[in-house]
Amino acid sequence: MALAEVYWDHQIPLPKLAAVQAKVTVALVALLCFINSYDGEFVFDDSEAIVNNKDLKPTTPLNNIWSNDFWGSNLSSNSSHKSYRPLTVLTFRLNYLLAGGLHPVGFHVLNIILHAVISALMIDVFAILIGGLAYDEKGRILNHAPKTSLLAALFFAAHPVHTESVAGIVGRADLLCALFFQLSFLTYCKAFNRGTDGNDRFSVHWVMVSLLLCAAAMLCKEQGITVLVSELLRRGLLTRLTLMGLGGLSMLYARWRIMGTGPPAFTEVDNPASFAENIFLRIVNYNYYYCLNAWLLLCPWWLCFDWSMGCVPLIKSATDWRMVWLLLIWCVLIGLISQALCSQDSQRRRTLTLGLVLLVVPFLPASNIFFRVGFVIAERVLYLSSAGYCLLLAYSLGHCCCRWKLLCVLVLALLCVYVARCALRSYQWRSERSLFTSALSVCPLNAKVHYNVGKNLADRGNSTAAIQYYREAVRLHPTYVHAMNNLGNILKERNELVEAEQLLSKAVAIQPDFAAAWMNLGIVQNSLQKFEEAEQSYWNAIRFRKKYPDCYYNLGRLYADQNRHVDALNAWRNATMLKPEHSLAWNNMVILLDNTGNLGQAELIGREALKLLPNDHTIMFSLANVLGKLQKYKESEAFFLHALRINPNAASCHGNLAVLYHRWGKLELAEKHYELSLKLDPEAPGTRDNYNMLRRKLDQLKRSTP
């Protein structure tokens, strides 16, 4: 039966708005909070899930999204995270098609709109959870708690913990999951409607639609299936349990089969508590994580894009002072549960029970109870759970004993703080530089934060500052192989080869299958003229990564340095077979064949390369040199001129074209291009001497002319 008018609703310090007005108000607040993220960049996980995800591109078969995970890897792969979210990837692909490429504005705008829609729909969800199902004479659902549901929806729209889900494009999975979660719940409620005779009736048809929407939520993100628990709290027990149970078991079985019947493989770095040998300490740390998640809901000021790698030190003893927080959260939770179960007030029991269900149930997949998860804390997983918290907060304010005016001020102040925090945090999510830097004050012990700040600085060319952050990352986490690899690369470029070799050797000793570190170690060893060690390092890299064109390219350079020309050509040929657009490998083959006098083969390789890379000016330049030596002057000239149209400021190209004209007898054109080359690069080797030779020849011609 439906409940009567909720008695505390009139105490909420908000005006009573019509349904449409309330939804528009909530949507506008949601837009206000996150609108400044609309023109942000692709940041953090967006690189892997969107920028580097081939499933978004029109050239990739659409069927791939049904067999690959969220990051574009095949689900059967051992490295797959088993996150099966094809509907979310499909929306990314639609964004790509509509924008004609990877333009982040469209991705961000859709995220903001989705959050606004979800926030508005929360009014209907909260109204049913608080006031129950009631119908007017036209069969429409009545809202018995218009002020409470509006306040809870406003809190939801403006809660800062949602920033990662809204401002981070990868958060689309949480948004779509929440949307289908709501639609499934509301559709299920529609199954309980009032007939023309005034009696409530149960519709199997709408329940089936609800199950389909639940499946859609699950195909957006795994926690979508938790909507079934919320729906089981409605009426029609036997039929409902049968349909919901069969539907839920079918979805779980299908998900299990798709995942490859095995869980994803995570490391201790991803979730250190789950690797604790002592079961007691494992449980204690899990509970401490719950405390931190609760704190993010209560006080969403300390927000961080990543909470791993030392950000949350493990509790290793029962005497740790943080044990107090565990006791506190369980005291509060037990108190709320006792009120929900034992209160004489039926409206209080209902609101507290459903609020707790909405708070706890969507969080269960991230709780480490059923399976190990790949993170310590992730703000995005609180998107749905925060709805339960907002409902409980609005309920608490409705029972506040303060005077009405003071309560009004407090509510308004809290909403203003939320909006301001959202605006600040969404601004920080606009670029990787501001996002990573913002985490330094929140998690100074997090090695990954320092690593990401260093990587961002290195990408922007500030290698000196990047070194400091990479060193700090390694200091905080001495086995952080990716930080060692990147630091070793920078030191290699700065010619600090001995330390670079030490770092890279340590990285591969810690993680022997780290192919990139093996390749970089080979480059350093080659520079140190440790040729045998370098060759072995390159082959180790190829052993751990079969398709590694860059490694074959560097192996070819090693062989060329040792005058092992056939081996060098074979290595570069392997690089081009694995990566046909590998310009450097093609160019080196042409140059090596040219230098060793194999001009005919060099010409064939150069022409083959230009079929694949028709606008590569470096290959045109090398092929033009070969054709010039073969006295195919006209063709050589054409390639030189084409290369100069692409790169008009290439001093070497002007210089070599001048040499061609010099040989060809077109002395005035030779003089022109010698002068252009010297103007661009006065120190160009050989060009000054060739120019002086030409000037002497021109002077002789003038003197000999009568």
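- Going by what an unreviewed UniProt entry lists, the chain is known as dolichyl-phosphate-mannose--protein mannosyltransferase and is assigned to Mastacembelus armatus.
- The chain has a UniProt comment under Sequence similarities (unreviewed entry) that states "Belongs to the TMTC family."
- Comment text from UniProt for the chain, heading Pathway (unreviewed entry), reads "Protein modification; protein glycosylation."

1. Quick word on the overall build of the chain
Phase 1 of the analysis: What the chain contains, in helices and strands, is 31 helices and two strands.
Phase 2 of the analysis: Seen through its C-alpha atoms, the chain measures out along the principal axes to roughly 120 × 55 × 50 Å.
Phase 3 of the analysis: Within the span of the chain, comprising 706 residues, buried residues form 52% of the whole.
Phase 4 of the analysis: Counted over contacts in the chain with a minimum sequence separation of 6, partners at least 24 positions apart contribute 65%.

2. A look at a nonpolar patch on the surface
Phase 1 of the analysis: Residues Ile-35, Tyr-38, Val-105, Val-109, Leu-110, Ile-113 and Val-117 make up a contiguous nonpolar surface patch of about 520 Å² in total accessible area.
Phase 2 of the analysis: You can see Val-105 is positioned in helix H4 (residues 104–131).

3. Regarding the pattern of salt bridges
Phase 1 of the analysis: Enumeration over the complete set of coordinates arrives at 21 salt bridges.
Phase 2 of the analysis: Its salt-bridge partner being Arg-85, residue Glu-222 comes within 3.2 Å of it at the nearest N-O pair. Taken as a pair, Glu-222 in the loop between helix H8 (204–220) and helix H9 (227–231) and Arg-85 in the loop between helix H2 (46–51) and helix H3 (86–99) lie far apart in primary sequence, 137 residues in all.

4. Side note on unusual backbone geometry
Phase 1 of the analysis: Phi at Asn-495 is positive, roughly 65°, even though this residue is not glycine.
Phase 2 of the analysis: The residue Asn-495 is located in the loop between helix H19 (481–493) and helix H20 (497–510) in this model.
Phase 3 of the analysis: Overall, the relative accessible area of 58% leaves Asn-495 in the exposed class.
Phase 4 of the analysis: The phi angle at Asn-563 is positive, at roughly 60°, despite the residue not being glycine.
Phase 5 of the analysis: Relative to the assigned elements, Asn-563 resides in the loop between helix H23 (549–561) and helix H24 (565–578).

5. Some remarks on the UniProt feature "repeat: TPR" (unreviewed entry) in the chain
Phase 1 of the analysis: According to UniProt, the feature "repeat: TPR" (unreviewed entry) maps to residues 447–480, 481–514, 515–548, 549–582, 617–650 and 651–684 in the numbering used here.
Phase 2 of the analysis: In this annotation, residues 481–514 is assigned 79% helix and 0% strand; the end-to-end C-alpha distance for the span is 8 Å.
Phase 3 of the analysis: Helix and strand shares over residues 515–548 are 79% and 0% respectively, and the end C-alpha atoms of the span are 9 Å apart.

6. With respect to the side chain of Thr-163
Phase 1 of the analysis: Take Thr-163: it is sitting in helix H6 (residues 163–167).
Phase 2 of the analysis: Non-local contacts of Thr-163, meaning those with residues more than four positions away in its chain, are made with Phe-34, Gly-168, Cys-422, Arg-425, Ser-426 and Trp-429.

7. With respect to the UniProt feature "transmembrane region" (unreviewed entry) in the chain
Phase 1 of the analysis: Those residues carrying the UniProt feature "transmembrane region" (unreviewed entry) are residues 112–135, 286–303, 323–342, 354–375, 381–397 and 404–421 in this numbering.
Phase 2 of the analysis: As annotated, residues 323–342 comprises 100% helix and 0% strand, and the C-alpha atoms at either end are separated by 28 Å.
Phase 3 of the analysis: Helix makes up 94% of residues 381–397 and strand 0%, with an end-to-end C-alpha separation of 25 Å.

8. Remarks on H23
Phase 1 of the analysis: Between the first and last C-alpha of H23 there are 19 Å, a value that for 13 residues agrees with the 18 Å anticipated at 1.5 Å per step.
Phase 2 of the analysis: If you follow the buried residues of H23, they end up packed against helix H21 (515–527), helix H22 (531–544), H24 and helix H25 (583–595).
Phase 3 of the analysis: The first or second residue beyond H23 is Asn-563, which carries a positive phi of 60°.

9. Quick word on the layout of surface pockets
Phase 1 of the analysis: Estimated volume of the second largest pocket: approximately 1,500 Å³.
Phase 2 of the analysis: Lining of the second largest pocket is provided by 50 residues; of these, Tyr-290, Cys-291, Ala-294, Trp-295 and Ile-329 occupy positions nearest its centre.
Phase 3 of the analysis: Put simply, the parts of the chain that give the lining of the second largest pocket at least two residues each are helix H11 (279–298), helix H12 (323–342), helix H13 (346–360) and helix H14 (382–398).
Phase 4 of the analysis: It is H12 that provides the largest number of residues to the lining of the second largest pocket, a total of twelve residues.
Phase 5 of the analysis: Among the residues forming the lining of the second largest pocket, the class breakdown is 40 nonpolar, eight polar and two charged.

10. Describing the nonpolar core
Phase 1 of the analysis: Counting residues in hydrophobic clusters, the biggest one holds 202 residues, and the most contacted among them are Phe-126, Phe-155, Phe-305, Trp-307 and Val-312.
Phase 2 of the analysis: Setting aside its immediate chain neighbours within four residues, Val-312 contacts Tyr-288, Tyr-289, Leu-292, Trp-307, Val-376 and Ile-377.
Phase 3 of the analysis: Counting 13 residues, the second-largest nonpolar core is a separate cluster that includes Leu-56, Phe-107, Val-170 and Ala-173.

11. Brief notes about the packing of aromatic side chains
Phase 1 of the analysis: With the rule as written, the count across this model stands at 18 aromatic pairs.
Phase 2 of the analysis: Taking 5.1 Å as the distance between ring centres and 75° as the angle between the ring planes, the aromatic pair formed by Phe-70 and Trp-71 counts as edge-to-face.
Phase 3 of the analysis: Here Phe-70 falls in the buried class, since its relative accessible area comes to 0%.
Phase 4 of the analysis: Joined through ring pairs, the aromatic side chains of Phe-42, Phe-70, Trp-71, Phe-92 and Phe-107 make up one cluster.
Phase 5 of the analysis: Over the face of the ring belonging to Phe-70 we find Arg-85, whose NZ or CZ atom lies 4.9 Å from the ring centre.
Phase 6 of the analysis: The side chain of Lys-666 reaches across the aromatic face of Trp-664, ending 3.8 Å from its centre.

12. Considering the state of the cysteines
Phase 1 of the analysis: Evaluated as defined, the whole model comprises one disulfide.
Phase 2 of the analysis: Paired by a disulfide, Cys-311 and Cys-443 hold their sulfur atoms 1.7 Å apart. Of this pair, Cys-311 sits in the loop between H11 and H12 while Cys-443 is found in the loop between helix H16 (432–438) and helix H17 (447–459), placing the two residues 132 residues apart along the sequence.
Phase 3 of the analysis: Exposure remark for Cys-443: the relative accessible area of 2% places this residue in the buried category.
Phase 4 of the analysis: We note that Cys-291 lacks a disulfide partner, and the nearest cysteine sulfur, in Cys-331, lies 11 Å from it.
Phase 5 of the analysis: Taking relative accessible area as the criterion, Cys-291 reaches 9% and is therefore assigned buried.

13. Section: the side chain of Asn-587
Phase 1 of the analysis: Mapped onto the secondary structure, Asn-587 falls in helix H25.
Phase 2 of the analysis: Here Asn-587 falls in the buried class, since its relative accessible area comes to 11%.
Phase 3 of the analysis: Excluding residues that lie within four positions of it along the chain, Asn-587 makes contacts with Thr-618, Ile-619 and Ser-622.

14. Observations regarding the packing of helix H1 (residues 19–34) against H4
Phase 1 of the analysis: In contact at an axis separation of 8 Å, H1 and H4 are set at 145° when each is read in the N-to-C sense. Classified by chirality, the crossing of H4 by H1 is right-handed. Where H1 abuts H4, its residues Ala-22, Lys-23, Val-26, Ala-27, Ala-30, Leu-31 and Phe-34 lie against Ile-112, His-115, Ala-116, Ser-119, Ala-120, Ile-123 and Asp-124.
Phase 2 of the analysis: Looking at the contact of H1 with H4, its residues break down into ten nonpolar, two polar and two charged.

15. Details of the packing of H17 against helix H18 (residues 463–476)
Phase 1 of the analysis: Closest axis-to-axis distance for the H17/H18 pair is 8 Å, and the angle between their directions is 160°. Compared by their axis directions, H17 and H18 come out roughly antiparallel. H17 and H18 meet at a crossing whose hand is left-handed. For the pair formed by H17 and H18, the contact residues are Ala-447, His-450, Tyr-451, Val-453, Gly-454, Lys-455, Leu-457 and Ala-458 on the first element and Ala-465, Ala-466, Tyr-469, Tyr-470, Glu-472, Ala-473 and Leu-476 on the second.
Phase 2 of the analysis: Per-class residue counts for the contact of H17 with H18 are eleven nonpolar, two polar and two charged.

What counts and what doesn't
- Residues numbered from 1 in each chain as written.
- Predicted model: local features only at pLDDT ≥ 70, side-chain atom pairs only at ≥ 80, totals over all residues.
- Heavy atoms only, no water.
- UniProt positions renumbered as here; feature names shortened; annotations may be inferred.
- Helix = DSSP H or I, 4+ residues; strand = E, 2+ residues; numbered from the N terminus.
- Buried < 20%, exposed > 50% of the residue type's maximum accessible area, 1.4 Å probe, protein only.
- Contact = heavy atoms within 4.5 Å.
- Patch = residues over 30% accessible without salt bridge, like charges linked within 9 Å, V, L, I, M, F, W, Y side chains within 5 Å.
- Areas by Shrake-Rupley, 256 points an atom, 1.4 Å probe, with all protein chains shown as cover.
- Salt bridge = Lys/Arg side-chain N within 4 Å of Asp/Glu carboxyl O.
- Expected span 1.5 Å × (residues − 1).
- 1 Å grid on protein atoms, 1.4 Å probe; cavity = no way out; pocket = protein on both sides within 12 Å on 5 of 7 lines; lining within 4 Å.
- Points joined across faces, edges and corners; volume = space filled by probe spheres on them.
- Nonpolar A, V, L, I, M, F, W, Y, C, P; charged D, E, K, R; others polar.
- Core = buried A, V, L, I, M, F, W, Y, C linked by side-chain atoms within 4.5 Å.
- Phe/Tyr/Trp six-rings, centres within 6.5 Å; stacked < 30°, edge-to-face > 60°.
- Lys NZ or Arg CZ within 6 Å of the ring centre and 35° of its normal.
- Disulfide = S-S within 2.5 Å.
- Axes fitted to C-alpha atoms, helices over the stretch in contact; angles between N-to-C directions.
- Left-handed = near helix turned anticlockwise from the far one by under 90°.
- Parallel < 35°, antiparallel > 145°, perpendicular 65-115°, else oblique.

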